[in-house]
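Tertiary structure, described
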Amino acid sequence: MSESSKSSKSSSNLNPSPTLQCKDLHEYLKSRSPQFLETLYNYPTICLAVYRELPELARHFVIRLLFVEQPVPQAVVASWVTQTHAKEQSKACEALSELSVWQEAPIPGGLPGWLLSQSFKKNLKIALLGGGRPWSMSSSLEPDGKARDISFLDAYAMERWDCVLHYMVGSAQTEGISADAVRILLHAGLMTRDAEDGTAVITRAGFQFLLLSTAKQVWLFLQHYLQTAEKRSLSAAECLAFLYQLSFSTLGKDYSTEGMSNNMLVFLQHLREFGLVYQRKRKAGRFYPTRLALNITCVKDGVAPLETAAPGYIIVETNYRVYAYTQTSLQVALLGLFTELVYRFPDVVVGVLTRESVRAALRGGISAQQIIRYLEQHSHPQMLKSETSGIRTTSVLPPTVVDQIQLWESERNRFTYTEGIVYNQFLSQAEFAVLREFAARGGHLTWSSERARTLVLARAAHDEVKRFWKRYSKTS
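It should be emphasised that the depicted structure is a prediction, and the values quoted were computed from it without experimental measurement.

**A few points about helix H20 (residues 429-442)**
Between its first and last C-alpha, H20 extends 20 Å over 14 residues, near the 20 Å set by a 1.5 Å rise per residue. Inspection of H20 places Glu-431, Phe-432, Leu-435, Phe-438 and Ala-439 among the buried residues, and these make up the whole buried set. The arc that holds every buried residue of H20, seen down its axis, measures 135°, which confines them to one face. Within H20, the exposed residues directed more than 90 degrees away from the buried face are Glu-437 and Arg-441. The elements touched by buried residues of H20 are strand E14 (420-424), strand E15 (445-449), strand E16 (454-458) and helix H21 (462-475). Backbone geometry just downstream of H20 places Gly-443 in the positive-phi region, at approximately 75°.

What follows is the structure in structure tokens.
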């Protein structure tokens, strides 16, 4: 018998790439070490943010335990919830344990109990009840002679953030993007260096990133910034606490930089480059948080970002024609990711959804659902008035277009690719039958051919199969 690895390079190009995941605060903190969380819980703003992200039942547990200084038996905590809600109770306990909000602690008699983390308890009390040191940025300021209104801050924030997106799509409008932002894009895998000329080019993950909401884009970008914070001599915990401090601020209000450490002043300048804060000059002594900073808490599905309601600009017809009433080159570039652009006029761009253009987007890592969601989110108000000929649908897009985009995706997903090991050249039919029976019994058999005496087994079972074959060869 001989074995060989069954691994096809072509399948990696055809196999659907994983969807880019944007972790919310809970998922992000769950992936960090308990030591990092312990440091993080020294900041009241983070404790308040974590408390807000917890499931409703978990928040109930925290409030009931907040002023208890000794472990509470787990059986007592379980008695607070009826059996009909046992699943919600299990999820709540799991969330509190994953985030190290509470720990198991024995009580007299050896029974297991729950005890809130001391640092979390102390700083959550400060956040909810007051006390502690006042936030440095909340110091009183004299009226700003050149105060900025909300409309100016919105325009400034989107101008700065669009620089990052323009750079990713290769637009000519890349003035103003910082080298630090480029390094983060490369670190996040959203862009990579071309092997030939060394220029930064967008990756599959980058394509998916462009179709996320602005709030999710900014939060995902900041997560990768925090991962590289230590290389800039910054504390990731301190930076994250400052970010959530900004998220609790008031839009249009200016805040003082008095009392901020040098590291936080450097971090503030980076946030200024990304559009999360506006500062007239580096030494102005005040800054204005923008919507991008306030929206980092709005990354969960179903949570509405604090964005101005920008009117939609896309009309999709049943003949797969797409009309985009826009002058923004970024929006045109995004549309070109999954449509074949036909005409461009000063105020409108015309494209067509074709099998080739959609499949090119799918190969780039964009899913059919992302294309549909993007077209829905930016639909022109006229689309809401369109008739669907009596067809009941939850989408504002023509049903034929939605179905066809999904069908083009399903064409590529007809096969499931499984890496395995091929076993062939058996000396006898009996040997083939013995190994096939062993593999089938263990659930390792992927495919077999009795006529060709060939087996394909799961790669993970290779070592176990080799051990079995050695024992079988010695006894036979």
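Don't stop here, the text continues.
**Some details on the nonpolar core**
As a rule of thumb, nonpolar side chains are buried together in soluble globular proteins. In terms of nonpolar packing, the biggest core is built from 114 residues, with Leu-240 and Phe-338 touching the most fellow members. For this core, the element with the most residues is helix H13 (residues 236-247), which contributes nine residues. Excluding its chain neighbours within four sequence positions, the residues that come into contact with Leu-240 are Tyr-28, Leu-29, Leu-40, Ile-46, Trp-219 and Leu-226. Within the second largest apolar cluster, 14 residues are counted, among which are Ala-439, Leu-455, Phe-468 and Tyr-472.

**Digging into the environment of Ile-314**
Considering the arrangement of structural elements, one finds Ile-314 in strand E10 (residues 314-316). Through-space distance from the C-alpha of Ile-314 to that of Gln-382 is 9.3 Å; in sequence the pair is 68 residues apart.

**Focus: the pattern of salt bridges**
In the structure shown here, the tally under the stated rule is 12 salt bridges. Between Lys-30 and Glu-27 there is a salt bridge, with its nearest N and O atoms 3.4 Å apart. Separated by three residues within a single helix, Lys-30 and Glu-27 lie in helix H2 (residues 25-30), roughly one turn from each other. Among the salt bridges present, the one from Lys-125 reaches Glu-69, with a minimum N-O distance of 3.7 Å. Of this pair, Lys-125 sits in helix H8 (residues 118-129) while Glu-69 sits in the loop between helix H5 (56-65) and strand E2 (72-73), and the two are 56 residues apart along the sequence. On the basis of relative accessible area, Glu-69 is assigned to the exposed category, the value being 53%. Here the residues in one salt-bridge network are Glu-69, Lys-121 and Lys-125, joined through shared partners.

**Things to note about the sheet that holds strand E7 (residues 255-256)**
With respect to topology, three strands assemble into an open sheet ordered E7-E9-E8, the strand pairing being antiparallel. Taken across any chain shown, the strands that pair with only one partner, and hence form the sheet edges, are E7 and strand E8 (277-278). With two bridges joining them, E7 and strand E9 (residues 286-289) adopt antiparallel strand pairing. Pairing of Ser-256 across the sheet is with Arg-286, part of E9.

**Examining the pairing of strand E4 (residues 112-116)**
In this structure, E2 lies alongside E4, joined through two bridges in antiparallel fashion. Across the sheet, Val-72 pairs through a bridge with Trp-114, a residue of E4. Pairing geometry for strand E3 (residues 102-106) and E4, over five bridges, is antiparallel. Looking across to E4, one finds that Glu-104 is bridged to Trp-114.

**A word on the sheet that holds strand E12 (residues 340-344)**
Strand order in the open sheet formed by four strands is E10-E11-E13-E12, with antiparallel pairing between adjacent strands. Edge positions in the sheet fall to E10 and E12, since each has one partner strand and no second. For this sheet the average axis-to-axis angle between neighbouring strands, irrespective of direction, equals 20°. Pairing of E12 with strand E13 (residues 349-352) involves four bridges; the strand directions are antiparallel. By the bridge assignment, Tyr-343 is partnered in E13 with Val-350.

**Looking at the packing of aromatic side chains**
Counted under the stated rule, the structure contains 24 aromatic pairs. Ring geometry for Tyr-41 and Phe-120: centres 5.1 Å apart, planes at 75°, overall edge-to-face. Of this pair, Tyr-41 sits in the loop between helix H3 (34-40) and helix H4 (44-53) while Phe-120 is found in helix H8, placing the two residues 79 residues apart along the sequence. Between Trp-219 and Tyr-244, the aromatic rings sit 6.1 Å apart at their centres with planes inclined by 85°, giving edge-to-face as the arrangement. Taken as a pair, Trp-219 in helix H12 (residues 214-227) and Tyr-244 in helix H13 lie far apart in primary sequence, 25 residues in all. Like Tyr-244, Trp-219 is buried. In textbook terms, an aromatic cluster arises when at least three aromatic residues are bridged by ring pairs, as seen for Trp-161, Phe-221, Tyr-225, Phe-242, Tyr-255, Phe-267, Phe-274 and Phe-287. Looking at Arg-32, its charged tip hangs above the ring of Phe-36, at a distance of 3.9 Å from the centre. Sitting over the face of the ring of Tyr-255, Lys-253 holds its NZ or CZ atom 4.6 Å from the ring centroid.

So, how was this worked out
Residues numbered from 1 in each chain as written. Predicted model: local features only at pLDDT ≥ 70, side-chain atom pairs only at ≥ 80, totals over all residues. Heavy atoms only, no water. Helix = DSSP H or I, 4+ residues; strand = E, 2+ residues; numbered from the N terminus. Expected span 1.5 Å × (residues − 1). Buried < 20%, exposed > 50% of the residue type's maximum accessible area, 1.4 Å probe, protein only. Arc of directions from axis to C-beta. Contact = heavy atoms within 4.5 Å. Core = buried A, V, L, I, M, F, W, Y, C linked by side-chain atoms within 4.5 Å. Salt bridge = Lys/Arg side-chain N within 4 Å of Asp/Glu carboxyl O. Pairing = 2+ DSSP bridges. Axes fitted to C-alpha atoms, helices over the stretch in contact; angles between N-to-C directions. Phe/Tyr/Trp six-rings, centres within 6.5 Å; stacked < 30°, edge-to-face > 60°. Lys NZ or Arg CZ within 6 Å of the ring centre and 35° of its normal.

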